[in-house]
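Now for the letters of each chain:
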Amino acid sequence: MTERLRPAGLEERARLKAMYDVPMDVAEFVRCAAAPLTAEEIAETRELITWFTQRYPTGVERLAYARRAWERWSRSGP
Amino acid sequence: MRGSDFDELGFFAAIEASGARSLLIGRRALVLLGLPVLTADYDLWLHADDIAVLNAAVAPFDLVATVDAVEARRRGRYVLQNDEHVDVLVARSVSTVDGESVTFDDLWARRAELWIDDHVRVMIPALADLRRTKRFAARPKDLADLRMLDVLIAERGS
């Protein structure tokens, strides 16, 4: 049985956002950026692009999705 | 103006109609390219001489500049905001974390246009240049974006 994911609370989301926004060690960033893409990364990204562009074929639809996604994320409480 | 009421299509149409040399960078550009990433803000890179033009164009959307044009040029960036938040980079060039100088004029010369509906275009950097802008700060989210952009570049070219 799949465990239902619990929405992140306000503090948890702030912590996640900070983690994602705080600069990394530059050498580590450069090393990771230069690393070859893995087959898994390529497959996952392609899958994501295919899903998104087929579901939302136009730019304006994609932008609207992004706004809805942000609103959902920012409103999801604990 | 509440965020959900923001006329996003009108916003981009007004920028295009103004003639301001403005490139959409950041995660909204990735969204337009087909990557469903999470983002709250808009990021523009604007020619430093076009601050007044852009500000006038977006004034009907109640977007107000946080500083005047002189101060914006001194800082190299400013913000347009109401309930929306538009980060506007106006530096003529920016160095990446690994020391490459990225110049607005070069990106503008190589820009790509994306039609977001039948009537409105948005200017974005070429993919390879968008990748360069993702090296302005060494944040984990930039790294994640870089990796996804690399897949796009491999498929579509730069």
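Report on the accompanying structure. These numbers come from a predicted model, not from an experiment.

Turning next to the overall build of chain B. Per the secondary structure count, chain B includes seven helices and nine strands. Overall, the C-alpha framework of chain B stretches about 40 × 35 × 30 Å when taken along its three principal axes. The buried share of chain B, reckoned over its 158 residues, is 38%.

Attention shifts here to the environment of Arg31(A). As for its placement among the helices and strands, Arg31(A) is situated in helix α2 (residues 26-34). As a C-alpha pair, Arg31(A) and Ala18(A) span 13 residues in sequence and 22 Å in three-dimensional space.

Below, the discussion takes up the pairing of strand β4 (residues 77-81) of chain B. Residue and element names in this part refer to chain B. Here β4 shows a buried face lined by Tyr78 and Leu80 and an unburied face lined by Arg77, Val79 and Gln81. Bridging between β4 and strand β5 (residues 85-89) involves five bridges; their strand directions are antiparallel. Looking across to β5, one finds that Val79 is bridged to Asp87. Two successive antiparallel strands, β4 and β5, enclose a turn made up of three residues.

This part takes up the pairing of β5(B). By the bridge criterion, four bridges tie strand β2 (residues 42-46) of chain B to β5(B) in an arrangement that is parallel. Bridge pairing links Trp45(B) to Leu89(B) in β5(B).

Calculation notes
Residues numbered from 1 in each chain as written. Chains lettered and ligands numbered in written order. Predicted model: local features only at pLDDT ≥ 70, side-chain atom pairs only at ≥ 80, totals over all residues. Helix = DSSP H or I, 4+ residues; strand = E, 2+ residues; numbered from the N terminus. Buried ≥ 20, exposed ≤ 12 C-beta atoms within 10 Å, placed from the backbone. Pairing = 2+ DSSP bridges.

These figures come from the coordinates and say nothing about function on their own.
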